[in-house]
Structure formats: C-alpha cells, structure tokens
Amino acid sequence: MATKENSAPTDAESIQKTVNDVLDAVARTAPEVRRGLPGRRVAVAGTNPSGEEQKAADVYADELLCERIGSISNVGVYASEERASGVDVGSGLSVCVDPLDGSSNLEPNAAMGTIVAIYDDDLPASGRDIVAAAYVLYGATTTMAVARANKETVTEYLIHDSGDYQVVHEELTLPDDPSVYGFGGRVPHWVEEFEEYVSEVESDPSMKLRYGGAMIGDVNQVLTYGGIFGYPTLTNAPEGKLRVQFEGYPVGYILEKAGGASSDGRQSLLDVEKDDLHARTPVYVGNEELIDDLEAALADRN
Ligand SMILES: O=P(O)(O)OC[C@H]1O[C@](O)(COP(=O)(O)O)[C@@H](O)[C@@H]1O
Ligand SMILES: [Mg+2]
Ligand SMILES: [Mg+2]
C-alpha cells in the first residue's frame, strides 16, 4: 500500500475533501473492476465472514479497492464484506465496501454493483454517522449514484472506460408514481404478514416485478422507476441476508436522500443498531407510502 500522511479530518471541509477523494477513487477504479471480471468467475477456497462462497472476482475487487481507498489521506479504516475485520490504513474516516454486490450474477452475466459507505466514526458505526454513500452499477453501462451529507438529492454519474465520469442526473429523486417491485429470499420462507403485503403490492395494476439477484441492480430499478425493493426477514433467517454496515445503511441513506424511505420492518434502516461489523438486517427501500404500508403490515410482528 502507498504511504500517506496520517492526519485525521478535523472539520467539515476536510471531511468533504476526503469524501470527494474516496468517491473519485471508486469511480476511477470501477472500469478496472469491470475489466477484471472475465476469467474470475471461479470460486476461491474458503468463504467470506458471512459464510458465503467467494468468487475470485470478489477478492480481486476487494484488493483493488483496499489499495486505492486505503492510500487516501484521512481514511482511517477500510472494511469490506470480504474481510473479517477492518484494515487500519491511517487515521480518519471509516470506509465500508461491498466490493462486488451480487457476484452470483457473474456466471449468468447479469448486473452487479459496488457499494461504498463512508462513516465519520469507528466501526461498527451507526447509520447516522454516514457522511456519504454511493453505489456503482455494472450494467449495460457503468453508472454511479452518490448521496452526500451536504446535498439533499442523489447525483447519478456515467463512468467511461477511461475512468472519467460525468453527471447524467444532478438531482435524482424517486418518481412519485411507483411501478416496480422486487423481493428476495425463498417465498416459502416469507412470513405470513409479508406474503399478504406482497399480494397487496401485486394487486396494483401499475406494479411490475423486477428482481435480478443483485441488490444494486434491483435498487437502481426502484431509484429510476419508483417502487420497492426488499430482502425480508425470513422464517429461517429473521435478520434476512443483507449486511447493515455494507449494504443496509448505504442503500437506506441513498434512497432516503432520493426522497424515498428505508426500513428494517419497523424503523429507518439508519436507526438500526448492531454491534457486529458483519451483522445482518432485513432491508426494505422505496417510495414512502409503500414503506409505510409495509411497516403497518409487519406491525403485529414487531
Ligand atoms: O440469491 P438471493 O437469495 O436472491 O440473494 C440475492 C441478494 O444477495 C446479494 O447478492 C448479497 O450481496 P453479495 O453478492 O454482495 O453477497 C444481494 O445483492 C442480492 O439482493
Ligand atoms: Mg452485497
Ligand atoms: Mg459482495
């Protein structure tokens, strides 16, 4: 890893500079992540800290992002879904990364993402300590959605193969009329109240199913068309599948900044408190009325 100055951010201005540097590094690394995918579809030995199979591409993206983000001044810790604990890289902000979200989509050549959450606190941090969050979507094109503490909307960028990137939507917000929904987990493992809620959603003639197996692909459908994405509590996994620090907080933060809402079934995802770096939570994000209805439907369970 490159050497760097060891100075923690002390004020809003230096925090913003570090945030900009991290987001710039993520955008400029995205084409390299994408180019590294062919030939890295195979599983590697062992599992990640959540007990899931790692692909060579997960490890590759993690190492690349650790190298790039870890060499930025005022980043204190780099943590990722692929490592048991955070890597001390200096002093300053904590950066949590899901290097490849949806890597089981690698073999069928479907969408995947990279998720980043920047916290002004030690890890595991609270959702209220996020100072910026972003995700890259490797789809037909490569895009990045960014939410920052000092801006009330989400900005979407198109990332070119060169690593240069440009704004495509300066102020992205959720459309008022939702039209897509997608929910993860095996349907036989959904709880009864959730099944009933989904039936309600499906009975609305304007709603269409969109589920692709990579949260970021599905969340970006919701951000684009309006609707709801969820990876719910399951009878065999009450906390669902997705991880709070790496997935739940950042998508909750981004969707809330886009004018939507997030929930773990009873409260904003940003208010979920877990003391384990790899803790999981049910995740629901989308238009506010859909999240309100979901919380009402699950109220008797909570
Ligand atoms: O295969 P399932 O159970 O539908 O799970 C899909 C979910 O798991 C994930 O792939 C988990 O993320 P990782 O691929 O980063 O582990 C989500 O992106 C996606 O929403
Ligand atoms: Mg993921
Ligand atoms: Mg992942």
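Our structure's up above, just so we're on the same page.
Residues numbered from 1 in each chain as written. Chains lettered and ligands numbered in written order. Predicted model: local features only at pLDDT ≥ 70, side-chain atom pairs only at ≥ 80, totals over all residues. Heavy atoms only, no water.

Draft legend 1. Expanded view of the packing of aromatic side chains. Under the definition given, this model contains 9 aromatic pairs. Arranged with centres 5.6 Å apart and planes meeting at 80 degrees, the rings of Tyr157 and Tyr165 form a pair that is edge-to-face. The class for Tyr165 is partly exposed, based on a relative accessible area of 26%. The interplanar angle of 90 degrees and the centroid separation of 6.3 Å between the aromatic rings of Phe183 and Trp190 together place this pair among those described as edge-to-face. As far as burial versus exposure is concerned, Phe183 and Trp190 are alike and both buried. An aromatic cluster is present here, built from Tyr181, Phe183, Trp190, Phe194, Tyr197 and Tyr284 joined pairwise through their rings. The positively charged end of Arg40 is found above the aromatic ring belonging to Tyr60, 3.8 Å away from the centroid. (Phe/Tyr/Trp six-rings, centres within 6.5 Å; stacked < 30°, edge-to-face > 60°. Buried < 20%, exposed > 50% of the residue type's maximum accessible area, 1.4 Å probe, protein only. Lys NZ or Arg CZ within 6 Å of the ring centre and 35° of its normal.)

Draft legend 2. Geometry of the pattern of salt bridges. A complete count under the given rule lists 15 salt bridges for this structure. The partner of Arg28 in a salt bridge is Asp164, with the nearest N and O atoms 3.1 Å apart. On the criterion of sequence distance, the pair formed by Arg28 in helix H1 (residues 12-35) and Asp164 in the loop between strand E9 (154-159) and strand E10 (165-172) is long-range, its members being 136 residues apart. Judged by its relative accessible area of 42%, Asp164 is partly exposed. Between Glu247 and Arg243 there is a salt bridge whose closest N-O contact spans 3.0 Å. Look at the salt bridges and you will find they share partners, linking Glu52, Glu81, Arg243, Glu247 and Arg280 into a network. (Salt bridge = Lys/Arg side-chain N within 4 Å of Asp/Glu carboxyl O. Helix = DSSP H or I, 4+ residues; strand = E, 2+ residues; numbered from the N terminus.)

Draft legend 3. Representation of H1 in the model. Between its terminal C-alpha atoms H1 stretches 35 Å, which fits the 34 Å expected from 24 residues at 1.5 Å a residue. The axis of H1 is deflected most strongly, by about 35 degrees, at Thr29, and proline Pro31 appears within four residues downstream. (Expected span 1.5 Å × (residues − 1). Bend = angle between axes of the 7 residues up to and from the residue.)

Draft legend 4. Geometry of the sheet that holds strand E11 (residues 180-183). The 5 strands lie next to each other as E12-E11-E13-E15-E14, forming an open sheet whose pairing is mixed. Every interior strand has two partners, whereas the edge strands, strand E12 (208-209) and strand E14 (261-263), have only one. For E14 and strand E15 (residues 283-286), the ladder comprises 3 bridges, and the chain directions are antiparallel. Bridge pairing in E15 links Ser263 to Tyr284. Here helix H3 (residues 192-203) sits on the sheet and contacts E11, strand E13 (227-231) and E15; the angle it forms with E11, its principal contact strand, is near 155 degrees. Strands in contact with helix H5 (residues 244-257) are E14 and E15; relative to E15, the strand with the most contacts, it is inclined by about 15 degrees. (Pairing = 2+ DSSP bridges. Contact = heavy atoms within 4.5 Å. Axes fitted to C-alpha atoms, helices over the stretch in contact; angles between N-to-C directions.)

Keep in mind these values describe shape, not function.
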